[in-house]
Amino acid sequence: MCEMPADFREINSKVVEATVVPGQRLYSQRGAMLAYKGDVSFTPNVQGGQGGLMSMIGRRVANEATPLMTVEGSGTVLFGHGGHHVQVIHLSGDTLYVEADRLLAFDGALQQGTMFMGSQGGVMGMVRGQVTGQGLFTTTLKGHGAVAVMAHGGVIEVPITPNNPVHVDPQAYVAHHGDVRNKLSTALGWRDMVGRGSGEAFQLELSGSGAVYVQASEEKL
């Protein structure tokens, strides 16, 4: 990770300003535009950015079929959504794994895809399907550029380093990047888990090299 690029700037904890220049495009969640200056256009993109057909299919399966908006032109745009906390993440060639509904806006130069989390051992699929009730698909963004994600109550970046795995409450998980493996484990004995509906009965262990973003509140978006 390196310093925040000039095209995405946090105005406050809930608003980000993006600079739009000719020849480049941004993608944003529908309804995220608060205000803009200059000659800027907003058009629906039902295929979800650069992910193409597979991205669209993944979003449909995950009940995340709301199209992204393609933002082009010359000017500045203020993005925010639902009063959620906004965090800008700068990717430097690595891959960010994030729920599609947590994406506020991102640089169009990033390569977007959809990954079935079962390919990482079914761990995140179990987390989302059984604990949080979310889909089994997640969005991947790869390359060099900025991403603005949404969360509840603020976001903290927790580094993941070799020999120092990070344990996260699944419902507090927002996104992660880097060469990271995940494993779901029970935090309590089976007898203690009976009757519990929260994610406290599980822990998500992230190991490798990278970072995980954790929200302060377990409230869903």
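Figured I'd write up the structure that's included with this text.

Comments concerning the environment of Gly143
- Summarising the element assignment, Gly143 is placed in strand S9 (residues 137–151).
- For Gly143, a relative accessible area of 17% translates into the label buried.
- Contact partners of Gly143, with chain neighbours within four places excluded, come to Leu91, Ser92, Gly93, Asp94 and Leu110.

Side note on empty space enclosed by the protein
- Taken as a whole and judged by the stated rule, the model has three cavities of 30 Å³ or more.
- There is about 50 Å³ of room inside the second largest cavity.
- Lining the second largest cavity are Asp7, Thr19, Val20, Val21, Gln24, Arg25, Leu26 and Asp107.
- In terms of residue class, the lining of the second largest cavity is made up of three nonpolar, two polar and three charged.

Description of the pattern of salt bridges
- All chains considered together, the criterion is met by two salt bridges.
- With its nearest N and O atoms 3.1 Å apart, the salt bridge here joins Arg9 to Glu17.
- For Glu17, a relative accessible area of 17% corresponds to the buried category.
- The residue Glu72 makes a salt bridge to Arg25 at a minimum N-O spacing of 3.0 Å. Taken together, the positions of Glu72 in strand S5 (residues 68–79) and Arg25 in the loop between strand S2 (15–20) and strand S3 (26–29) put the pair 47 residues apart, joining distant regions of the chain.
- Using a relative accessible area of 38% as the deciding quantity, one classes Arg25 as partly exposed.

So, the pairing of strand S13 (residues 202–215)
- By the criterion of burial, S13 is predominantly enclosed, with twelve of the 14 residues buried.
- The pairing of strand S10 (residues 155–160) with S13 spans six bridges and is antiparallel. Paired with Val155 across the strands is Gln215, a residue of S13.
- Of the pairings in the sheet, the one linking strand S11 (residues 166–168) to S13 comprises three bridges and is antiparallel in character. Looking across to S13, one finds that Val168 is bridged to Leu204.

Re the packing of aromatic side chains
- Using the criterion set out here, one finds two aromatic pairs in the structure.
- Ring centres of Tyr27 and Phe106 lie 5.5 Å apart, and the angle between their planes is 40°; on these two criteria the pair is classed as tilted. Remark: Phe106 occurs in strand S7 (residues 103–107) and Tyr27 occurs in strand S3; sequence separation between them is 79 residues. Here the two residues Tyr27 and Phe106 agree in accessibility, since each one is buried.

Describing the pairing of strand S1 (residues 8–12)
- Relative to S2, S1 runs antiparallel, the two sharing four bridges. Its bridge partner being in S2, Glu10 is matched across the sheet by Val16.
- Adjacent in sequence and paired antiparallel, S1 and S2 are bridged by two residues.

Rules used throughout
- Residues numbered from 1 in each chain as written.
- Predicted model: local features only at pLDDT ≥ 70, side-chain atom pairs only at ≥ 80, totals over all residues.
- Heavy atoms only, no water.
- Helix = DSSP H or I, 4+ residues; strand = E, 2+ residues; numbered from the N terminus.
- Buried < 20%, exposed > 50% of the residue type's maximum accessible area, 1.4 Å probe, protein only.
- Contact = heavy atoms within 4.5 Å.
- 1 Å grid on protein atoms, 1.4 Å probe; cavity = no way out; pocket = protein on both sides within 12 Å on 5 of 7 lines; lining within 4 Å.
- Points joined across faces, edges and corners; volume = space filled by probe spheres on them.
- Nonpolar A, V, L, I, M, F, W, Y, C, P; charged D, E, K, R; others polar.
- Salt bridge = Lys/Arg side-chain N within 4 Å of Asp/Glu carboxyl O.
- Pairing = 2+ DSSP bridges.
- Phe/Tyr/Trp six-rings, centres within 6.5 Å; stacked < 30°, edge-to-face > 60°.

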